[in-house]
Structures are given as structure tokens and as C-alpha cells.
Amino acid sequence: MPYHKNKQQAFQAAQQGVEEARDLFTEIVRDSASYGHQLKHLKNEVNEAYQQIENALEVASEHQRIQLEQFREDLQRMVEEVNNFM
């Protein structure tokens, strides 16, 4: 059963990473003095979430794989929106 547990843990880590990136994304105040700091923090969280997704994809079930691909698309949309604002 350890394989199943590792698969689930990897998926949950990726899911949590994406949720943290989403939270930061929604909290960014674009015209605040701390925007640069917020953006740097978001970039770090997005990069970490991408890495967690890649790790999870190595052991994911087919159902998890579909969700992980959706997570990756969500992150890409966040990055594009931030880049379009700048």
C-alpha cells in the first residue's frame, strides 16, 4: 500500500501548492507599494506548484493526471494574467 499512499500524498501536495498560488494571486494588490514583493512571492509559489505537479505526474493515476493537467493550466492562466498586467 505505500505506493498508493505516495501517489495520494504527491497529488495532495500539488493540489495544496496550486491552492496557495491561487490564494496569493487573488490577494495581489496591483497598485500597492508591496506589489513587487507580492509578485515575487507569487512567482515562487507558482514555481513550487509546477514542481509539485511534475512530481505528482510521475506516479499519478489517470484520474489524477487529468486533474494535474488542469492545475497546470490554471497556473498558466495566472502567469499570463500577471504578465498581461505588467
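The coordinates are above.
Note that the structure is predicted; figures quoted are calculated from it, not measured.

### Description of helix α2 (residues 35–57)
For step 1, the next point in the chain: The end-to-end C-alpha distance of α2 is 32 Å, a good match for the 33 Å that 23 residues give at a rise of 1.5 Å each.
For step 2, the next point in the chain: Taken residue by residue, α2 has Y35, L39, L42, E45, V46, A49, Q52, I53, A56 and L57 as its buried positions.

### Remarks on the environment of Q38
For step 1, the next point in the chain: With respect to the element layout, Q38 can be found in helix α2.
For step 2, the next point in the chain: A C-alpha to C-alpha distance of 24 Å links Q38 and E54, two positions 16 residues apart in sequence.
For step 3, the next point in the chain: When near neighbours in sequence (up to four residues on either side) are disregarded, Q38 contacts E27, I28, V29 and S32.

### Looking at a negative patch on the surface
For step 1, the next point in the chain: The grouping of E19, E20, D23, E27 and E48 at the surface amounts to a negative patch.
For step 2, the next point in the chain: When residues of the negative patch are assigned to their parent elements, the largest contribution, four residues, is made by helix α1 (residues 2–27).
For step 3, the next point in the chain: Tracing the sequence through the fold places D23 in helix α1.
For step 4, the next point in the chain: Residue D23 is classed as partly exposed on the basis of its relative accessible area, which comes to 46%.

### Focus on the side chain of E45
For step 1, the next point in the chain: Checked against the element boundaries, E45 lands in helix α2.
For step 2, the next point in the chain: For the buried E45, no salt bridge is present, and the opposite-charge side chain at shortest range is R22, 12 Å distant.
For step 3, the next point in the chain: Leaving out residues up to four positions away in the same chain, E45 has contacts with E20, A21 and L24.

### Observations regarding the nonpolar core
For step 1, the next point in the chain: Residues L42, I53, L68 and L75 are the most contacted members of the largest nonpolar core, which totals 22 residues.
For step 2, the next point in the chain: Top contributing element to this core by residue count: α2, with eight residues.
For step 3, the next point in the chain: Once you skip the residues sitting within four places of it in the chain, I53 turns out to touch A14, V18, L68, F71, R72 and L75.

Here is what the cut-offs are and how they apply
Residues numbered from 1 in each chain as written. Predicted model: local features only at pLDDT ≥ 70, side-chain atom pairs only at ≥ 80, totals over all residues. Heavy atoms only, no water. Helix = DSSP H or I, 4+ residues; strand = E, 2+ residues; numbered from the N terminus. Expected span 1.5 Å × (residues − 1). Buried < 20%, exposed > 50% of the residue type's maximum accessible area, 1.4 Å probe, protein only. Contact = heavy atoms within 4.5 Å. Patch = residues over 30% accessible without salt bridge, like charges linked within 9 Å, V, L, I, M, F, W, Y side chains within 5 Å. Areas by Shrake-Rupley, 256 points an atom, 1.4 Å probe, with all protein chains shown as cover. Salt bridge = Lys/Arg side-chain N within 4 Å of Asp/Glu carboxyl O. Lys, Arg positive; Asp, Glu negative; His and termini not counted. Charge placed at Lys NZ, Arg CZ, Asp CG, Glu CD. Core = buried A, V, L, I, M, F, W, Y, C linked by side-chain atoms within 4.5 Å.

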